[in-house]
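This is what each chain is made of:
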Amino acid sequence: MALDDDVRILSGVRLFQGFSPEQLRLLAFGAEALHPAAGRMLYHEGAEADSAFVVVSGQIGLYRERDGERVEMGVATAGALLGELALIASTHWLTSAEVRTEATLMRLRRKHFRRMLEEYPDLAALLHTRIAEDLQEMVRRIEGLSPRIGR
């Protein structure tokens, strides 16, 4: 893919909306293109996460292991960002991810992303706000589920 294509893809990812074209180019320049075949494991639940992945094309199945069984958590498709927390903090994968169809991904490494935040402190403030909003939305969804789960 050309750098301009990568910039266009990244600009469509919610977490990166508000980044300037220059910042998106820098992010794209540091990204690694991956083309895993169907059936390949992308990462395993509980493993250390030092990168995030943007799904450019294809389908990535997300699941957790419970009592030796796979419990599907969802399917990530084009435009999805997997592991956004890994861009800013030491963390572990909360799910496993398996490539379901031939896919194209962009790997974004924490080390590169943190250098960007140091160079552009305004991005850190933007991300703080965006992550806080996402957490508030997640809490609202969980609260909406609580009557169905029982207390």
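Model, not experiment: these values are computed from the prediction. (Residues numbered from 1 in each chain as written. Predicted model: local features only at pLDDT ≥ 70, side-chain atom pairs only at ≥ 80, totals over all residues. Heavy atoms only, no water.)

1. Brief notes about the sheet that holds strand E10 (residues 104-109)
Spatially, 4 strands are ordered E1-E10-E4-E7 in an open sheet, and the strand pairing comes out antiparallel. Each edge of the open sheet carries a strand with a single partner, namely strand E1 (32-34) and strand E7 (81-82). Where strand E4 (residues 51-57) lies against E10, 6 bridges are found, and the strand directions are antiparallel. Directly across from Val 54, in E10, lies its bridge partner Met 106. (Pairing = 2+ DSSP bridges. Helix = DSSP H or I, 4+ residues; strand = E, 2+ residues; numbered from the N terminus.)

2. Thoughts on the sheet that holds strand E9 (residues 96-99)
In spatial order, the strands read E2-E9-E5-E6; together these 4 strands make up an open sheet with antiparallel pairing. The sheet is open, and its two edges are formed by strand E2 (41-43) and strand E6 (69-76), each paired on a single side. Shown here is a sheet whose adjacent strand axes are inclined to one another by a mean of 35°, direction ignored. Pairing of strand E5 (residues 60-66) with E6 involves 7 bridges; the strand directions are antiparallel. Opposite Leu 62, over in E6, you have Gly 74 as the bridge partner. (Axes fitted to C-alpha atoms, helices over the stretch in contact; angles between N-to-C directions.)

3. Notes on the pattern of salt bridges
Applying the stated criterion across every chain yields a total of 9 salt bridges. The salt bridge involving Glu 32 is made with Arg 107; its shortest N-O contact spans 3.6 Å. Linking Glu 32 in strand E1 with Arg 107 in strand E10, this pair joins segments that are 75 residues apart in sequence. Two residues, Arg 70 and Glu 98, come together in a salt bridge whose shortest N-O distance is 2.7 Å. Within this pair, whereas Arg 70 is found in strand E6, its partner Glu 98 is found in strand E9, the two being separated by 28 residues in sequence. Taking the relative accessible area as the measure of exposure, Arg 70 reaches 46% and is therefore partly exposed. (Salt bridge = Lys/Arg side-chain N within 4 Å of Asp/Glu carboxyl O. Buried < 20%, exposed > 50% of the residue type's maximum accessible area, 1.4 Å probe, protein only.)

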